[in-house]
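Structural characterization, general
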Amino acid sequence: MEKLFGTSGIRGLVGKEITPELAMGVGLALATQLGNSGCLVIGKDPRTSGDMFESSVISGLLSGGCSVTRLGVVPTPTVAFAVQHLKAKAGVMVTASHNPAEYNGIKLWDSNGMAYTPKLERQIESIYFKNKGKRVGWSSIGKIGSADVVPAYINKIVSSIKLSKEFKVVVDCGNGAASAVTPVLLRKMGCKVTTLNCHPDGHFPGRGLEPTEENLTELGKVVKSVGADLGVAHDGDADRVAAVDERGRFVQLDKMLALISAFQAKKGGIVATTVDASSVVEEAVEKKGGKVIRTKVGDVYVAEAVKKRRAVFGGEPCGAWIFPDFHMAPDGPLAAAKVLELLSYMDMGLAELADSIPERYTVREKVKCKNEKKAAVMKKLGPKLKSALKATKVLSIDGLRAELKDGWVLVRPSGTEPYVRVTAEGKTQKKAEELLGKALKAVGVSVRP
Ligand code: MG
C-alpha cells in the first residue's frame with residue numbers, strides 16, 4: 001500500500017507533495033477512523049500555508065461528522081496538551097517541524113495526547129487510499145469552535161517548577177510556533193527574558209529552523225552581549241529544545257540529553273533514548289543509579305517505551321524530550337523550563353555542567369545501497385560487524401548498533417533514500433575514524449554483489 005506518513009507524520013513540499021485535497025482527505029479519513037463523531041483539536045505553526053491546510057483538514061473532519069476546536073498558532077506539544085485538557089477525541093497539528101518555509105505537514109495525536117503510532121497511521125492510510133472515507137448527512141455535519149489553551153498550558157508548567165533565583169535568559173524561537181509561548185512562560189517563572197526571532201513569521205527570516213550550532217550563532221552572541229545565564233532555542237513547531245551556555249557556546253545536543261537524563265533519573269529509574277544517542281547518556285544516568293533503554297529513532301518509539309517501561313524520562317539527541325509526569329509528547333517550552341530547573345537545582349552554570357560531560361567524537365558516512373537490497377544487506381551484516389569491530393554486543397532494534405568498550409557504531413538503512421548510513425563514536429577523533437573505517441569495510445563487503 002502507498003504511504004502518507006513518514007517517521008514524524010505527513011510532510012512535504014507545499015502544492016507538490018502535500019496539497020489541500022490531500023489534507024481534506026486525511027481529515028475525512030481521521031473522522032471515519034474515529035467513528036464519525038466527537039470533537040478534535042487542531043493547531044498550526046506560522047507557515048504561510050498553515051491557514052490553507054488547517055481549513056482543508058477541518059473541512060474533511062466536518063464532512064465526516066466530527067467537530068473541531070481551533071487552537072490557532074501553538075507549539076505541537078500544546079496540541080497534545082489540549083487533547084487531554086479539553087477531553088478531545090484526537091489532535092491535529094499542521095506543521096513541517098524544522099523543514100524550510102516551503103514545506104508543511106500533518107501530525108496526529110490520540111486521545112491520551114500521545115503521537116499516532118505507525119499502526120494508527122496505517123489505518124488512516126488504508127481509509128485514504130481505498131477511498132473508504134465516510135461522509136455524514138447534512139444534519140450531522142460537524143461544527144467549528146475555538147479555544148485559547150496557552151494560559152492553561154503555561155500555568156501547568158509554572159506550577160510544577162520552582163526556581164531558586166532570577167535567571168537571565170535569551171529565547172530564540174526561530175519565528176516559529178513557540179514565539180508567543182516560551183518567552184511568556186519563562187517570565188512567569190520569574191526569569192528576565194530577552195527575545196530573539198520571537199515574532200511568528202511564516203517566511204522564517206531569522207534563521208534556519210533546526211536548532212543546530214550553525215543556526216544558533218546569533219543566539220550565542222546575544223547571550224554574551226546581554227550577559228545572560230542561558231540561551232534556549234526551538235525548532236519550528238517547538239517540540240525540541242537546544243541550549244547555549246553563559247559563555248555563548250552551543251552545548252552539544254548529546255551533552256544536553258545526558259545532563260537532563262541524569263537530572264530526571266537523580267533518584268534512579270529508567271531513561272529511554274534512541275539508538276543514535278551518545279554513550280555519555282548511559283554514563284551520566286548510571287552514575288545516578290538509573291538505567292538506559294534504547295529504542296528506534298523517532299519520538300513515537302521513545303514515547304511508547306516510556307509508557308511501557310514506566311520510564312522517568314525519554315529523549316532523542318535532536319532535542320526532543322519527553323517528561324512523562326507532564327505528558328507523553330516531546331515538549332520544547334517545558335524542556336526549556338526543565339533546563340532552568342536543572343541549573344537552579346545544581347546551583348551551577350551551564351558551561352560548568354556541560355564541561356562535566358566527557359567529549360565524544362562522531363563521524364558519519366553513507367554507503368550507496370539499493371532500497372530492495374537493504375533488508376538482505378542488514379541481515380548478513382550483524383555477525384560481520386561484530387567480528388570486524390570485536391563488539392561486546394550488537395543491538396538490532398533499528399539498524400545495527402555495535403557496542404564496544406570505547407565506542408559504538410550504528411549502521412542504519414535510510415528510510416527514504418538508497419543509502420545505508422554508518423555512524424561511529426569514539427573517545428578520540430582517531431578512534432571514531434578507526435571504527436568508521438572498520439565498519440565501512442564490513443558494510444562495503446556486504447553491499448557489493
Ligand atoms: Mg519539531
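Residues numbered from 1 in each chain as written. Predicted model: local features only at pLDDT ≥ 70, side-chain atom pairs only at ≥ 80, totals over all residues. Heavy atoms only, no water.

A look at the overall build of the chain
Secondary structure assignment for the chain yields 14 helices and 19 strands. Computed over its C-alpha atoms, the radius of gyration of the chain comes to 22 Å, within 12% of the 22 Å expected for a compact globule of 449 residues. In terms of overall dimensions, the chain has C-alpha extents of about 70 × 60 × 40 Å along its principal axes. Relative to its full complement of 449 residues, the chain shows a buried share of 58%. Within the chain, residue pairs in contact and separated by at least 24 positions form 68% of the contacts whose partners lie at least 6 positions apart. Accessible surface computed for the chain: about 18,900 Å², of which carbon and sulfur atoms make up 51%. The distance from the centre of the 65 positive side-chain charges to the centre of the 48 negative ones in the chain is 6 Å. (Helix = DSSP H or I, 4+ residues; strand = E, 2+ residues; numbered from the N terminus. Rg over C-alpha atoms; globule rule 2.2 N^0.38 Å. Buried < 20%, exposed > 50% of the residue type's maximum accessible area, 1.4 Å probe, protein only. Contact = heavy atoms within 4.5 Å. Areas by Shrake-Rupley, 256 points an atom, 1.4 Å probe, with all protein chains shown as cover. Lys, Arg positive; Asp, Glu negative; His and termini not counted. Charge placed at Lys NZ, Arg CZ, Asp CG, Glu CD.)

Considering the packing of aromatic side chains
Under the criterion given, the structure shown has eight aromatic pairs. Centre to centre, the rings of F263 and Y345 are 5.3 Å apart; their planes meet at 55°, and the pair counts as tilted. Note that F263 is positioned in helix α8 (residues 253–264) and Y345 in helix α11 (residues 332–346), a separation of 82 residues in sequence. For F263, a relative accessible area of 5% gives the class buried. By relative accessible area, Y345 is classed as exposed at 52%. (Phe/Tyr/Trp six-rings, centres within 6.5 Å; stacked < 30°, edge-to-face > 60°.)

Side note on the nonpolar core
In this structure, V169, L186, L230 and W321 are the most contacted members of the largest nonpolar core, which totals 71 residues. With eight residues, α11 is the single largest residue contributor to this core. No fewer than three residues from each of domain 1 (10–149) and domain 2 (165–355) sit in this core. Discounting residues that sit within four places of it in the chain, V169 has contacts with L186, C191, K192, V193, T194, A228, L230, V232 and L340. (Core = buried A, V, L, I, M, F, W, Y, C linked by side-chain atoms within 4.5 Å. Domains from an automatic or database assignment.)

Focus: the packing of helix α1 (residues 20–33) against helix α2 (residues 50–63)
Close contact between α1 and α2 brings their axes to 7 Å; oriented N to C, the two are set at 35°. In this structure, the crossing between α1 and α2 has a hand that is right-handed. Here P20, A23, M24, G27, L28, L30 and A31 of α1 come into contact with α2, specifically with M52, F53, S56, V57, S59, G60, L61 and S63. Residue composition of the contact of α1 with α2, by class: ten nonpolar, five polar and no charged. (Axes fitted to C-alpha atoms, helices over the stretch in contact; angles between N-to-C directions. Left-handed = near helix turned anticlockwise from the far one by under 90°. Nonpolar A, V, L, I, M, F, W, Y, C, P; charged D, E, K, R; others polar.)

Structural notes on the sheet that holds strand β15 (residues 361–368)
Read from one edge to the other, the open sheet built from five strands follows the order β15-β19-β18-β17-β16, with strand pairing classed as antiparallel. Of all strands in the sheet, those bounded by a partner on one side alone are β15 and β16 (393–395). Strand-to-strand twist across the sheet, computed as the mean angle between neighbouring axes with direction ignored, equals 15°. Relative to strand β19 (residues 419–426), β15 runs antiparallel, the two sharing eight bridges. (Pairing = 2+ DSSP bridges.)

Focus on the domain arrangement of the chain
Its domain assignment divides the chain into domain 1 (10–149), domain 2 (165–355) and domain 3 (361–447). For domain 1 versus domain 2, the separation of C-alpha centres amounts to 27 Å. Taken residue by residue, the interface counts 26 residues in domain 1 and 32 residues in domain 2. When domain 1 packs against domain 2, the two sides together hide about 2,000 Å² of surface, and 68% of this comes from carbon and sulfur. The interface formed by domain 1 and domain 2 holds one salt bridge in total. Between K107 and D299 there is a salt bridge, and its shortest N-O distance comes to 3.0 Å. When residues of the side of domain 1 that touches domain 2 are assigned to their parent elements, the largest contribution, five residues, is made by helix α3 (residues 76–85). (Buried area = accessible area lost by both parts, 1.4 Å probe. Salt bridge = Lys/Arg side-chain N within 4 Å of Asp/Glu carboxyl O.)

What about the packing of α3 against helix α5 (residues 150–160)?
It is at 10 Å that the axes of α3 and α5 come closest, and there the two elements cross at 95°. Overall, the two elements α3 and α5 adopt an arrangement that is roughly perpendicular. Contact residues: P77, T78, F81 and H85 in α3; V150, A152, Y153 and K156 in α5. (Parallel < 35°, antiparallel > 145°, perpendicular 65-115°, else oblique.)

Some words on the pairing of strand β3 (residues 67–73)
Here six bridges tie strand β2 (residues 39–44) to β3, and the two strands are oriented parallel to one another. Residue pairing across strands places G43 opposite G72, the latter belonging to β3. Crossover handedness for the path β2 to α2 to β3: right-handed. One ladder, built from three bridges, connects β3 with strand β6 (residues 144–146); its direction is parallel. Within β6, the position partnered with V68 by the bridge is I144. (Right-handed = clockwise from strand over helix to strand, strands pointing away.)

Side note on a positive patch on the surface
Taken together, the side chains of K291, K308, R309 and K393 make up a positively charged region of the molecular surface. Mapping K291 onto the fold places it in strand β12 (residues 290–295). (Patch = residues over 30% accessible without salt bridge, like charges linked within 9 Å, V, L, I, M, F, W, Y side chains within 5 Å.)

Focus: the sheet that holds strand β5 (residues 103–109)
One open sheet accounts for six strands, arranged β1-β5-β4-β2-β3-β6; its pairing is mixed. The open sheet has two edge strands, β1 (10–13) and β6, and neither has a second partner. Averaged over neighbouring strand pairs, the angle between their axes works out to 20° when direction is ignored. Strand direction decides the pairing type here: strand β4 (residues 90–94) and β5, joined by four bridges, are antiparallel. Its bridge partner being in β5, V92 is matched across the sheet by L108.

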